[in-house]
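Read off the chains here:
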Amino acid sequence: MDIYNVEAAEILANEAQLLPIGEAAPIYEKLLSTFPTAAKYWKQYVEAYMSAKDDEATKQIFSRCLLSCLQINLWRCYINFIRRVNDKRGSDGLEETKKAFDFMLNYVGNDVASGPVWMDYIAFLKSMPVVTPQEESHRMTTVRKVYQKAILVPTNHVEQLWKDYENFENSVSRTLAKGLLSEYQPKFNSAKAVYRERKKYIDDIDWNMLAVPPTGSYKVINANDQYLTGRGNPQRIDATTANRRVTFTFEQCLMYLYHHPDIWYDYAMWHAKNGSVDSAIKIFQRAVKALPDSGVLKYAFAELEESRGAIQPAKAIYESLIAENAGMTSLAHIQFIRFLRRTEGIEAARKYFLDARKLPGCTYHVYVAYATMAFCLDKDAKVAQSVFEAGLKRFMHEPGYILEYADFLCRLNDDRNVRALFERALSLLPPEESIEVWKRFAQFEQTYGDLSSMLKVEQRRKEALSRTSEDALSALENTLYDVVSRYSYMDLWPCSTKELDYLSRHEWLAKNIANRGDKSVVLTGGATLDKGDIRVGSNKKSFPQSSKVVRPEISRMVIYDPRQMKGPDFSTTASGYTKEIDEILKRLSPQMMSFITNLPAIEGPSPDMDIVLSVLMQSTLPVGDKPGSQVPGPATSDLSGPGKSGLNQNGSIHRPPRDGQPTKRKNSERGRAQEEDDTSTTVQSRAMPRDIFRLRQIQRNRGLGPSQSGSAALSSGSVFSGDQSASSG
């Protein structure tokens, strides 16, 4: 179903590799018709023919793909094929191979991965047999030139090439080598620096990515776009070489961004800015062939043709737009009329308009465009008004056309016909389609009418739109916001920004909010929303319920209490929880009481677990006690007074000052011997409690109040471990 399905294409390509070339060829042709720049599929296709020893078919495939797929792996496959074919042809074969190397490096020699190709070429040149000293001298000169070209290219093997070049020059002549190496050392350093800079972008490029239409994925797009930022001349080499590199970069990008019109446009405009308009034309020709549905590329192509005076080619492009793009017919008509007006005059544009308006796909935009052109460019108001009147017979039901015609009549200062146009249109348009027309009618009266007509149109507008779904919540009586809208002009307002914000907010509330619950919601600025009513001060407006508003569940929300931030100064007496705390503490086991006593004071509803754990790690807790033994820490009766330990509203304990700490330690030492006797029995018979803070949070989320939360959390051991609590009572 999706011809650009990459996963399906990979499956087909893998299947084709397992089939004989006769059966695999149709599969490859189908894949490459969809992905014409997929170098890996071309390589698989040509290797299948090479394995079948079909040299003629191999050459044909190479001729189809090489110039559009500038990928090193495919071109190395090509040079290997050429070397194999010419291996046994002697000197003629060597010359053909040399030409093939030159041909390859002319196209892909600027690739960052072309280092091995340069090295293969140099090795091939060194291996060519020579007989006479003149041939030897010619070979050395050729090798030197190739080295000097190779070290200027920022490739992945540029450092190795430089080392080989040093060895080569020193082996020929140390005296000559010193001057040549000192001349090319800065050029090599520049190439190395450029490669390191470009490598940042190259590493992010997926060289096996298939060219698919834009899908919103920017990984490879950004990498290639950043790669294209190096299309300047950072090495300050000659202009011809620099332009060849930029050309290669664009061509390589188009292998992966074949369906992206912006890359094609940038490529063509780069040629045009560098003075090669013919090359830009060729790029546009390739672009419209690759993307036949891209109207914007065709407009850019026609613009370039027109700018250089090629009127007939530009006209042909516009005609193809009209013939091929059914969805853009009206826009193509408008642009073609403007083109004819620029190039052939008024009469040619008028003639084409008369023909275009008879076509079934012609919309009101064509009438508006031609009427505006006649009025502004030809200075002929009568023709423009005649065009608008002719279109009114077909497009009276189009609010956009009514508004454009009204604007034209306002330019003519024809207020009588403007009012007549609005009245005619509003009598025919359905209420739900007349919103913008009513708005423009009201604005017209505010600008050109008197007070009576202005208020009358406003009232008629409210009555008409109160029956529509969009303004179903509108009130028919006037509000202060209506006065503000009537007496504003452009960005000037008859009130302050604060007042405008207040009025806008309540206007929005009046139109869009309806309460679905039984509880009232207090709004900012003194407004109360209660059962579908909106009260502002003493006024009240009733509106029907809105099914589009989803109200939040607030029955279990915890009300913010600033007293939670007072820390140890907060008294439990003020909260009214003293009795509940006493009941809780009476039912605690000695170990749990010791655990709670050593908990840190908590400010706010959520504890800091790092602080809790650090306090617990530094605390020494008893591991067992006999029922009825003295609990280390404050007594139950001390928990209610100010300055003593007490529970916060969130259920945590405020610890007393440290001045009572020596007494605790003394009591703890007295009972230590007895505690050690029962340690093993207590630990084995009692399960470890779970995190009390986590339990409190869960219970709070379930809607339990502070007293209920504490009671539920500490009433029995089953809450923590499933066992009964070992309370002292």
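Residues numbered from 1 in each chain as written. Predicted model: local features only at pLDDT ≥ 70, side-chain atom pairs only at ≥ 80, totals over all residues. Heavy atoms only, no water.

As recorded by an unreviewed UniProt entry, the protein chain carries the name Suppressor of forked domain-containing protein and is attributed to Oryza rufipogon. Under the Subcellular location (unreviewed entry) heading, UniProt states for the protein chain: "Nucleus". (UniProt positions renumbered as here; feature names shortened; annotations may be inferred.)

Enquirer: Account for the overall build of the protein chain, naming residues and giving values.
Expert: Secondary structure summary: the protein chain contains 35 helices and six strands in total. Counting all 729 residues of the protein chain, 40% fall into the buried class. Counting only contacts in the protein chain whose residues sit at least 6 apart along the sequence, the fraction spanning at least 24 positions is 57%. Summed over all atoms, the accessible surface of the protein chain reaches about 40,900 Å², with 52% contributed by carbon and sulfur. (Helix = DSSP H or I, 4+ residues; strand = E, 2+ residues; numbered from the N terminus. Buried < 20%, exposed > 50% of the residue type's maximum accessible area, 1.4 Å probe, protein only. Contact = heavy atoms within 4.5 Å. Areas by Shrake-Rupley, 256 points an atom, 1.4 Å probe, with all protein chains shown as cover.)

Enquirer: So what about the packing of aromatic side chains? Which residues, and what values?
Expert: Within the structure shown, the criterion is met by 43 aromatic pairs. Measuring from centroid to centroid gives 5.5 Å for Tyr147 and Phe168, while their planes differ by 35°, and the two rings are tilted. Of this pair, Tyr147 sits in helix α8 (residues 133-150) while Phe168 sits in helix α9 (residues 158-172); the two residues are 21 residues apart in sequence, bridging distant segments of the chain. Grouping residues by exposure puts Tyr147 and Phe168 together as buried. (Phe/Tyr/Trp six-rings, centres within 6.5 Å; stacked < 30°, edge-to-face > 60°.)

Enquirer: Kindly report on the nonpolar core, identifying the contributing residues and their values.
Expert: Looking at soluble globular proteins, one finds that nonpolar side chains tend to be buried together. In terms of nonpolar packing, the biggest core is built from 80 residues, with Trp264, Phe284, Ile337 and Tyr401 touching the most fellow members. It is helix α19 (residues 364-376) that provides the largest number of residues to this core, a total of eight residues. Setting aside residues up to four positions removed in sequence, Phe284 forms contacts with Tyr265, Ala268, Met269, Leu297, Ala300, Phe301 and Leu304. Core analysis: the next-biggest nonpolar cluster, separate from the first, contains 68 residues, Ala16, Tyr45, Leu66 and Leu161 among them. (Core = buried A, V, L, I, M, F, W, Y, C linked by side-chain atoms within 4.5 Å.)

Enquirer: So, the confidence of the model for the protein chain: which residues are in play, and what are the values?
Expert: Overall, the predicted model of the protein chain reaches an average pLDDT of 77, with 68% of residues at or above 70. Here residues 565-577 is modelled with pLDDT under 50, and outside its nearest four sequence neighbours on either side it reaches 27 contacts, counting other chains as well. Note on residues 624-690: pLDDT under 50 across the span, and 99 contacts to partners over four residues away in sequence or across chains. (pLDDT = per-residue confidence, 0-100.)

Enquirer: Please give an account of the UniProt feature "repeat: TPR" (unreviewed entry) in the protein chain that cites residues and values.
Expert: UniProt tags residues 261-294 as "repeat: TPR" (unreviewed entry). The annotated region residues 261-294 carries 79% helix and 0% strand content, and the separation between its end C-alpha atoms amounts to 7 Å.

Enquirer: Talk me through helix α2 (residues 21-34); I want residue IDs and the actual numbers.
Expert: The end-to-end C-alpha separation of α2 is 20 Å, in line with the 20 Å expected for 14 residues at 1.5 Å each. The complete set of buried residues in α2 reads Ile21, Ala24, Ala25, Ile27, Tyr28, Leu31, Leu32 and Thr34. (Expected span 1.5 Å × (residues − 1).)

Enquirer: Would you mind going over unusual backbone geometry in detail, with residue names and values included?
Expert: Across residues other than glycine, the phi torsion is negative in most instances, and most of the peptide bonds are trans. For Asn413, which is not glycine, the phi dihedral falls at a positive 60°. Relative to the helices and strands, Asn413 is located in the loop between α21 (399-411) and α22 (415-428). Although it is not a glycine, Met490 sits at a positive phi angle of roughly 55°.

Enquirer: Give a description of a nonpolar patch on the surface that names residues and reports values.
Expert: On the surface, Leu451, Leu455, Leu480, Val483 and Tyr487 cluster together to form a nonpolar patch covering roughly 470 Å² of accessible area. Among the secondary structure elements, those contributing two or more residues to the nonpolar patch are α24 (451-465) and α25 (480-486). Its location among the elements puts Leu480 in helix α25. The exposed category is assigned to Leu480, whose relative accessible area is 55%. (Patch = residues over 30% accessible without salt bridge, like charges linked within 9 Å, V, L, I, M, F, W, Y side chains within 5 Å. Salt bridge = Lys/Arg side-chain N within 4 Å of Asp/Glu carboxyl O.)

Enquirer: Tell me about helix α5 (residues 72-85), and name the residues and values.
Expert: Spanning 14 residues, α5 covers 20 Å between terminal C-alpha atoms, matching the ideal 20 Å at 1.5 Å per step. Listed in full, the buried residues belonging to α5 are Ile72, Leu74, Trp75, Cys77, Tyr78, Ile79, Phe81 and Ile82.

Enquirer: Tell me what's going on with the packing of helix α20 (residues 381-395) against α21, and back it up with residues and numbers.
Expert: Axis separation between α20 and α21 bottoms out at 11 Å; the angle between their running directions is 155°. Classified by the angle between their axes, α20 and α21 sit roughly antiparallel to one another. Here α20 runs over α21; the crossing is left-handed. Of the residues in α21, those in contact with Ala381, Ala384, Gln385, Val387, Phe388, Glu389, Gly391, Leu392 and Phe395 of α20 are Tyr401, Ile402, Glu404, Tyr405, Phe408 and Leu409. (Axes fitted to C-alpha atoms, helices over the stretch in contact; angles between N-to-C directions. Parallel < 35°, antiparallel > 145°, perpendicular 65-115°, else oblique. Left-handed = near helix turned anticlockwise from the far one by under 90°.)

Enquirer: How would you explain the side chain of Glu251 if you had to name every residue and give the values?
Expert: Tracing the sequence through the fold places Glu251 in helix α12 (residues 239-256). On the basis of relative accessible area, Glu251 is assigned to the buried category, the value being 11%. A polar contact of 2.8 Å, which involves the side chain of Glu251, links it to the side chain of Arg286. Residues within four places of Glu251 in sequence aside, it is in contact with Leu70, Tyr267 and Arg286. (Polar contact = N/O pair within 3.5 Å; in protein donor to acceptor, adjacent residues only side chain to side chain.)

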